[in-house]
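Letter by letter, the chains look like this.
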Amino acid sequence: SEGHSDLIDWFWVVVQIMSAEDRAKLLHFATGSSRLPAGGFAAMTPRFNISVEGHEIEHLPQAHTCGNQLVLPAYTTFEMLQEKMNIALSNDEGFGFA
């Protein structure tokens, strides 16, 4: 998203330091699937994308799984992004069946 290059860079740093389990949770959170297609991110349809919307930095990230879109509030620090991502991923229950 334009004007938010620091936030997008921070996001990819957060992804790099995540465990494999947390990366699978992130993928599930953003796409509805915990596995990539055989061709990886490049084969995703629609393509995975990140948008930055709103300045309500107390809000958690959101996702539009049908569009493989992760929506981040305009967090102002790396630590804030990391904390909010951790909360969102640890509470992602989706529509699973018991």
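Cut-offs and rules
Note on numbering: residues in each chain are counted from 1, in written sequence order. Note on the predicted model: pLDDT of at least 70 is required for a residue's local features to be given, and 80 or more for side-chain atom pairs to be given and counted; whole-chain, interface and lining totals, by contrast, use all residues. With hydrogens and water set aside, each side-chain value is computed from the structure's full complement of heavy atoms. By the criteria applied, helices consist of DSSP H or I runs no shorter than four residues and strands consist of E runs no shorter than two, each listed in order from the N terminus. Think of it in three bands: residues with accessible area under 20% of the maximum for their type are buried, residues over 50% are exposed, and the middle band is partly exposed, with areas taken using a 1.4 Å probe on protein chains only. All tallies of charge rest on Lys and Arg as positive and Asp and Glu as negative; His and the ends of each chain are not included. Throughout this description, the term salt bridge denotes a Lys or Arg side-chain nitrogen within 4 Å of a carboxyl oxygen of Asp or Glu. Any pair of N or O atoms that falls within 3.5 Å is considered a polar contact. Within protein, one atom must be able to donate a hydrogen and the other to accept it, and sequence-neighbouring residues count only if both atoms are side-chain atoms. Strands are labelled as partners when DSSP assigns at least two bridges between them. Axis lines are fitted to C-alpha atoms, over the contacting stretch for helices. Their N-to-C directions set the angle, which ranges from 0 to 180 degrees. Note on contacts: a residue pair qualifies if any of its non-hydrogen atoms lie within 4.5 Å across the two residues.

## Here's the deal with the side chain of Lys84
Link 1 in the chain: In this fold, Lys84 is placed in helix H3 (residues 78-90).
Link 2 in the chain: Buried and without a salt bridge, Lys84 has Glu83 as its closest oppositely charged side chain, separated by 5.3 Å.
Link 3 in the chain: Here the side chain of Lys84 touches Glu58 through a polar contact of 3.1 Å, landing on its backbone oxygen.

## Quick word on the sheet that holds strand E2 (residues 62-64)
Pairing between sheet strands relies on hydrogen bonds along the backbone, with the strands arranged either parallel or antiparallel.
Link 1 in the chain: An order of E1-E3-E2 is seen for the 3 strands of this open sheet, with the pairing classed as mixed. The two strands at the open ends of the sheet, each matched to only one other strand, are strand E1 (49-52) and E2. Taking each pair of neighbouring strands and ignoring which way they run, the sheet shows an average axis angle of 25 degrees.
Link 2 in the chain: Here E1 pairs with strand E3 (residues 69-72) via 4 bridges, running parallel. Directly across from Ile50, in E3, lies its bridge partner Leu70.
Link 3 in the chain: Together, E1 and E3 form the strand contacts of helix H1 (residues 5-17), whose direction differs from that of E1 by roughly 135 degrees.

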